[in-house]
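Next come the chains, spelled out residue by residue.
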Amino acid sequence: MLLEAVKLALQAIRRNALRSFLTVLGIIIGVGAVIAMVTVGNGTTARITADLAKLGTNLLFVLPGQVGPGRASSDARSFNSRDIEAMRAQLRGVQAVAPIAQKSVAVIYGTENRNTVVTGTDSAYFVAQDWALARGRGFFEGEERAGRAACVIGQTVREKLFGSADPIGQDIRVHNVSCEVIGLLEAKGQSSFGTDLDDTVLMPIRAFQRRIAGNMDIMRVYVSARNGVDTAKVQTDIERLLRERRNITTGKEDDFSVRDMKQVVQATAGATAVLTGLLGAVAAVSLLVGGIGIMNIMLVSVTERTREIGIRLAIGALEEQVLLQFLVEAMVLSLFGGIIGILLGLGLAVLATAALNVPFLVDPFIILVAFGFSAMVGVVFGYVPARRAAHLDPIQALRHE
Amino acid sequence: MPRDGEPPPPLIAFEGVSKVFGTGLAAVPALNAVDLRIDRGEFVAIMGPSGSGKSTAMNILGCLDTPTSGTYRFMGVDVGRLDRRRRALLRRRYLGFVFQGFNLLARTSAVENVELPLIYRGMAPAERRRLALGALARVGLEGREDHTPGELSGGQQQRVAIARATVTDPAVLLADEPTGNLDTRMSLEIMNLLVRLNREQGITVIMVTHEPDMAAFARRIIRFVDGRIDSDAPSERAA
Ligand SMILES: Nc1ncnc2c1ncn2[C@@H]1O[C@H](COP(=O)(O)OP(=O)(O)OP(=O)(O)O)[C@@H](O)[C@H]1O
Ligand SMILES: [Mg+2]
């Protein structure tokens, strides 16, 4: 009997193919949105977790000015080399303090030309970023002090400028400064924000300041705490030291900020979760609307098929059999919507995860839930029309035209 | 249930059956204290002017409706005391219906139409296909099994409806103006078919008709006037 009901339902749906499709559009959109959101959300979370592990959870950023809404940071003083020396000398539990100065410039080798962010730093950078060299070597202290233009390049720069050739020992032009490639970084991939970490050129900070930036500013400082050291404690130490060095009197606000990388990543993850939740709510509303659409069209269908229902009741269908038939029809209809929605959602997720460069992780549980939920929508919203059909008076129904 | 020594109860027995539609000033009396008895194997024609209560009586006979007062016993069971579900069960066990407007499912083949009552009785596909093909053969529609109602003539459609009504081997076949939409030639075909079903399969046939020519095929003719039985007599064929 159930099989017959499914067959009948498929027949009825096929007879009104376009109407059926429009009816379940709400379900398709609702389920599709849920599946896409959850799948992309899963990928993002996995990506962030992996990034957290990659970064190490012990990295602190020191930036001039205060970042945040309504705060201008452009006029804040940058740092200088004596700040770095003081931090290295006075902070406890610290593994590396790396100065950072950056500029986006043209990098040229032969006829190849590429715009890349060049970072002036020193050998502490490799420790702070936990970034090893694939080939060659890092900066010698002599090079750092003398301001010699030697540079270490990332994998993307190597690929674009050198192709398959060996870059070590070659001279490249960085913003018209000739510079020997002494090292090649290991591939790191993309950051959680989608930037290509391998698209980078590193050079000793002294050389960068003199020959590329034209000033002695240090734009950022990376500080990595030793394993097992509380980053919050290091953060307050940095704040105290810098307030003192920058003559900020008690009661005045800092004109710099220290941010814990762990918090930055967690904040991003939190924002993703909120967004997922919001879109989930939109999807739920869409499912509700879809359910009401199904109820509406089923009521129309019962009225249209009054005579047919009368025939069925007169030739021996019991009420519960008519009820079952219409319930199954509503359910098959919404399951159709659910299945199309699941496929659509997965398709969208494939595109979105590829665009965001996060892994495509399908959660079978959420697919089951979406499936079950669309079946439930069919039963809940199909019940009223089905009951109306089952309770028709066969005499009246047969007379209906 | 009949006890030993007693004769079995009549197939159909109306005892003072009245039917009133609506209430108060809008009340329309359709049947007025009708007494009627029909036994197994009879072929009865019901005649009478429009609005005389023929269809109302047929609906009560078919357990689709219940009397306002009086009792209707079908095989000894007081139908007025049964709920909707029990009446539905009674209908599908013992009764077959043929309507004036054929009432076949559109866009559904003849054989599928005939199978329909068997589906609701939970019969396996192979078995019900076999029975449906047999019923179609008995009404002379071999070779037309896969035609939809739109591809069949009125007479052929009515024969599909008769096959559908008899495929369940009912005790009683109720036909309300079965030839009302057909021309004379097709009407005669249908009447011959009903006579054969009555004689060969022993199905009790109760038929409403306006046409004396068709009523003449029955063995008994009941005439309704204003919700009462005006006359009840054997037909010429029976005499
Ligand atoms: N559902 C109903 N509600 C109200 N009045 C009804 C209903 N059904 C029948 N009637 C009335 O009951 C009376 C008998 O109707 P019925 O249909 O039994 O007549 P009939 O003998 O079958 O007539 P016809 O030959 O035209 O088919 C009529 O006056 C009709 O208007
Ligand atoms: Mg009538």
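The text that follows walks through the structure, step by step, so that each part is easy to find. Per chain, the residues get numbers from 1 upward, laid out in the order the sequence is written. Labels are handed out in written order, letters beginning with A for the chains and numbers beginning with 1 for the ligands. With pLDDT at 70 or above as the cut-off, local features in this predicted model cover only qualifying residues; side-chain atom pairs require 80 or more to be listed or tallied, and sums for whole chains, interfaces and linings still use all residues. The side-chain numbers reported here are obtained from all heavy atoms of the structure, hydrogens and water having been left aside.

Details of the pairing of strand 3 (residues 43-47) of chain B
Residues and elements named next belong to chain B.
Then, in step 1: Exposure is judged per residue with a 1.4 Å probe applied to protein chains only, and the accessible area is read against the type maximum: over 50% gives exposed, under 20% gives buried, and values in between give partly exposed. Per the convention used, a helix needs a DSSP run of H or I reaching at least four residues, while a strand needs a run of E reaching at least two, with both numbered from the N terminus. With 5 of its 5 residues buried, strand 3 lies for the most part within the structure.
Then, in step 2: By the alternation rule, side chains of strand 3 split into F43, A45 and M47 and V44 and I46, which are all buried.
Then, in step 3: Pairing between strands is defined by DSSP: at least two bridges between the two strands are required. With 4 bridges connecting them, strand 3 and strand 8 (residues 204-208) associate as parallel partners. Bridge pairing in strand 8 places F43 opposite V205.

Examining the interface of chain B and chain A
Then, in step 1: By the convention used here, residues are in contact when the closest approach between their heavy atoms is within 4.5 Å. Facing 25 residues of chain B, the contacting portion of chain A comprises 25 residues.
Then, in step 2: In short, buried area is how much 1.4 Å probe accessible area vanishes from two parts on joining, totalled over both. At the boundary of chain B with chain A, total buried surface from both sides reaches about 2,200 Å², with 54% on carbon and sulfur atoms.
Then, in step 3: A per-residue breakdown of the area chain B buries against chain A is headed by R84(B), N103(B) and Y120(B), which together make up 32% of the total.
Then, in step 4: By definition, a salt bridge exists where a carboxyl oxygen of Asp or Glu is found within 4 Å of a side-chain nitrogen of Lys or Arg. Our count for the chain B to chain A interface comes out at 3 salt bridges.
Then, in step 5: With its nearest N and O atoms 2.6 Å apart, the salt bridge here joins E320(A) to R85(B).

Details of the sheet that holds strand 3 of chain B
All names here are of chain B.
Then, in step 1: What the 6 strands build is an open sheet, ordered 6-7-8-3-9-10; its pairing is mixed. Every other strand in the sheet has two partners, leaving strand 6 (95-98) and strand 10 (228-234) as the edge strands with one partner each. Neighbour to neighbour, the strand axes of the sheet diverge by 15 degrees on average, direction disregarded.
Then, in step 2: All axes are obtained by fitting lines to C-alpha atoms, using only the stretch in contact for helices, and the reported angles, taken between N-to-C directions, cover 0 to 180 degrees. Contacting strand 3, strand 7 (172-176) and strand 8, helix 6 (residues 184-200) runs over the sheet at an angle of about 150 degrees to strand 8.

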